[in-house]
Amino acid sequence: MSRKMISVSIPEEMLPEIDQAALHENRSRSEFIREALRSYLSRGRGRMISLDDAEPDEIEAIERGRREFALGDFVRLEDLQRELGLPTK
């Protein structure tokens, strides 16, 4: 997949939140923003992005998540909401 460098203007107050989220997901700022755009665009088309279009680090993260899920290393959304004191459906 070829790449094209673009510039995007982002409000300065958003950068710490973006950087913190990227750090939390062990991604670079560019990888994090690229994935956010993929997610946004895929919702608009009503489909998921094919793994054929994923970057190697994204494929590794998906595979790591699948391994953790298979080992039972996950938290159900309802349990997390309950733990955080949030309403559940």
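Since the structure is predicted, the reported quantities are computational estimates derived from the model, not experimental observations.

Reading the values: the criteria
- Residues numbered from 1 in each chain as written.
- Predicted model: local features only at pLDDT ≥ 70, side-chain atom pairs only at ≥ 80, totals over all residues.
- Heavy atoms only, no water.
- Helix = DSSP H or I, 4+ residues; strand = E, 2+ residues; numbered from the N terminus.
- Rg over C-alpha atoms; globule rule 2.2 N^0.38 Å.
- Buried < 20%, exposed > 50% of the residue type's maximum accessible area, 1.4 Å probe, protein only.
- Contact = heavy atoms within 4.5 Å.
- Areas by Shrake-Rupley, 256 points an atom, 1.4 Å probe, with all protein chains shown as cover.
- Lys, Arg positive; Asp, Glu negative; His and termini not counted.
- Charge placed at Lys NZ, Arg CZ, Asp CG, Glu CD.
- Salt bridge = Lys/Arg side-chain N within 4 Å of Asp/Glu carboxyl O.
- Patch = residues over 30% accessible without salt bridge, like charges linked within 9 Å, V, L, I, M, F, W, Y side chains within 5 Å.
- pLDDT = per-residue confidence, 0-100.

Novice: Help me get a handle on the overall build of the protein, residues and values and all.
Specialist: Looking only at helices and strands, the protein features four helices and zero strands. In the protein, the succession of helices and strands from N to C terminus is α-α-α-α. For 89 residues, the compact-globule estimate of 2.2 N^0.38 gives 12 Å, and the C-alpha radius of gyration of the protein, at 16 Å, exceeds that figure by more than 25%. Reported as C-alpha extents along the three principal axes, the dimensions of the protein are approximately 40 × 35 × 25 Å. Across the 89 residues of the protein, 12% fall into the buried class. Pairs at least 24 residues apart make up 24% of the contacts formed inside the protein by residues separated by at least 6 positions. Looking at the protein as shown, the accessible area adds up to about 7,900 Å², and 56% of this sits on carbon and sulfur atoms. Across the protein, the 15 positively charged side chains and the 19 negatively charged ones have centroids separated by 5 Å.

Novice: Which residues make up the pattern of salt bridges, and what values do they have?
Specialist: Summed over the entire model, instances satisfying the criterion amount to 11 salt bridges. With its nearest N and O atoms 3.9 Å apart, the salt bridge here joins R38 to E35. Of this pair, R38 and E35 both sit in helix α2 (residues 29-45), separated by three residues, roughly a single helical turn. Judged by its relative accessible area of 13%, R38 is buried.

Novice: Give a detailed account of the environment of N26, specifying residues and quantitative values.
Specialist: Along the chain, N26 falls in the loop between α1 (15-24) and α2. Residues N26 and D57, spaced 31 residues apart in sequence, show a C-alpha to C-alpha distance of 9.6 Å.

Novice: I'd like to hear about a nonpolar patch on the surface, residue by residue, with values.
Specialist: On the surface, V75, L80, L84 and L86 cluster together to form a nonpolar patch covering roughly 380 Å² of accessible area. Within the element layout of this structure, L80 appears in helix α4 (residues 77-83).

Novice: Account for the side chain of Q81, with residues named and values stated.
Specialist: Looking at the secondary structure, you find Q81 in helix α4. Setting aside its immediate chain neighbours within four residues, Q81 contacts L86, P87 and T88.

Novice: Break down the confidence of the model for the protein for me, with residues and values.
Specialist: In regions of low pLDDT, the predicted coordinates are not meant to be interpreted in detail. Taken residue by residue, the protein gives an average pLDDT of 85. The fraction at 70 or more is 91%. For the protein, per-element mean pLDDT is lowest for α2, which scores 83, and highest for α1, which scores 92.

Novice: Talk me through the side chain of E31; I want residue IDs and the actual numbers.
Specialist: Along the chain, E31 falls in helix α2. In this structure, E31 is buried with no salt-bridge partner, the nearest side chain bearing the opposite charge being R34 at 4.6 Å.

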